[in-house]
Amino acid sequence: MKITAVILTLAISILSVCVYTVNAETDKNDHSVIANQVKLGRYLFYDADLSKDGSMSCATCHRQKQAFTDGNPTHPGVNNDQGIYNVPTLGNVGQLKTFTWTDQHVFALDKQALMPITGTTPVEMGMHHGEKEIEKRIASNACYVRLFNSAFPDVKGNKITIDTITQAIASFQRTLITDHSKWDTKQGYTKEMQQGEQIFFGKGQCATCHTPPLFTDQKFYQINKGTTKAMRTPTLRNIELTAPYFHDGSIETLKEAILAHHSDTIKLPHLSEKDMYDLIQFLNSLTDKQFINNPKFSLPAEPCE
């Protein structure tokens, strides 16, 4: 009996080691696949071949130095049709569950990535019904073929499809994490910023909707009488860099944006000039210099070829 028990224990131990080894190898392979998808997605994010005439990439509207916005009220598409909504930042977009300014109907980041490419309201990159053309363009590049093979090893048959293209872009976007501001690190966090933080979380009532760590509750509100639809609460991270403000880019400064929060349901508390100054200093403390200078997020040094 003792010999049997020893043999059984030994067998279990060996089995456990084998399972651990297999799991470790699987995790390693999964990590490698994700890394390859991110590398591929970064190239695609900066590739203007995803647009009708080769004039626009995702990065045309989402510029790193401006926290992946573009500094315009709205951005015209390839047909020069003016945009409808202000370009939102992509900081922490992988942690969001809502991806549109209004009429929430997109619940996956790869589905959202397709909207500017093939959408018609408004026309942005102009590839409505052009999915096969995109696939053809990408497949003509030997570098892309190699990257798709390594990024999607489990996909049978043709690996270069509009689905894998947007999945790769989404994988890259999930790496766009911003969490190293002065508010996060408390390095260079001034007295005015601290006082502004007290207003933000106190009498200013800002955190009611702009809840940390994302500084958005991802809900939809009509914050003033000028809006006809409920709009999603935008993140305030890197807000210093993402002017103009509001869904239509109609507000030029942070002070104006704060004062515009007034409707039947939202009552702006009285803030003195000093309160307003300190509050804006706090908002500026949410700027993440590492995020806007991270070389892993920038245009690749060499094209995929």
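Because the structure is a prediction, the values reported are computed rather than measured.

## Here's the deal with the packing of helix H8 (residues 191-201) against helix H10 (residues 273-284)
It is at 7 Å that the axes of H8 and H10 come closest, and there the two elements cross at 100 degrees. Classified by the angle between their axes, H8 and H10 sit roughly perpendicular to one another. For the pair H8 and H10, the contacting residues are Glu192, Met193, Gln195, Gly196, Glu197, Ile199, Phe200 and Phe201 in the first and Lys274, Asp275, Tyr277, Asp278, Leu279, Gln281, Phe282 and Leu283 in the second. Its residues placed into classes, the contact of H8 with H10 shows eight nonpolar, three polar and five charged.

## What about the nonpolar core?
Among the nonpolar cores identified, the biggest contains 47 residues, and Leu40, Leu44, Phe45, Ile138, Phe148, Ile165 and Ile169 are the most heavily contacted of them. When residues of this core are traced back to their parent elements, those giving at least two are helix H1 (2-45), helix H2 (58-61), helix H3 (109-118), helix H4 (131-139), helix H5 (142-151), helix H6 (162-173) and helix H11 (289-293). By residue number, the principal contributor to this core is H6, which donates six residues. Setting aside residues up to four positions removed in sequence, leucine 40 forms contacts with Tyr144, Leu147, Phe148, Ala151, Phe152 and Ala168.

## Topic: H4
For H4, every residue scored as buried is listed here: Ile134, Glu135 and Ile138. With its buried residues spanning 100 degrees around the axis, H4 presents them on a single face. Residues of H4 that are exposed and angled more than 90 degrees away from the buried face: Lys132 and Lys136.

## Considering H10
With 12 residues, H10 ought to run about 16 Å at 1.5 Å a step, and its terminal C-alpha atoms sit 16 Å apart, in line with that. Most of H10 sits out of view: nine of its 12 residues are buried. Within H10, the full set of buried residues consists of Asp275, Met276, Asp278, Leu279, Ile280, Gln281, Phe282, Leu283 and Asn284. Lining the buried residues of H10 we find helix H7 (182-185), H8 and helix H9 (254-259).

## Topic: the pattern of salt bridges
Applying the stated criterion to the full structure yields six salt bridges. A salt bridge links lysine 132 to glutamate 135, with the shortest nitrogen-to-oxygen separation between them at 3.6 Å. One end of the pair, lysine 132, and the other, glutamate 135, are both in helix H4, three residues apart, so they sit about a helical turn from each other. Residue glutamate 135 is classed as buried on the basis of its relative accessible area of 11%. Aspartate 184 is the salt-bridge partner of arginine 237, the closest N and O atoms lying 2.8 Å from each other. Of this pair, arginine 237 sits in the loop between strand S2 (231-232) and H9 while aspartate 184 sits in helix H7; the two residues are 53 residues apart in sequence, bridging distant segments of the chain. By relative accessible area, which is 27% here, aspartate 184 ends up partly exposed.

Reading the values: rules and limits
Residues numbered from 1 in each chain as written. Predicted model: local features only at pLDDT ≥ 70, side-chain atom pairs only at ≥ 80, totals over all residues. Heavy atoms only, no water. Axes fitted to C-alpha atoms, helices over the stretch in contact; angles between N-to-C directions. Helix = DSSP H or I, 4+ residues; strand = E, 2+ residues; numbered from the N terminus. Parallel < 35°, antiparallel > 145°, perpendicular 65-115°, else oblique. Contact = heavy atoms within 4.5 Å. Nonpolar A, V, L, I, M, F, W, Y, C, P; charged D, E, K, R; others polar. Core = buried A, V, L, I, M, F, W, Y, C linked by side-chain atoms within 4.5 Å. Buried < 20%, exposed > 50% of the residue type's maximum accessible area, 1.4 Å probe, protein only. Arc of directions from axis to C-beta. Expected span 1.5 Å × (residues − 1). Salt bridge = Lys/Arg side-chain N within 4 Å of Asp/Glu carboxyl O.

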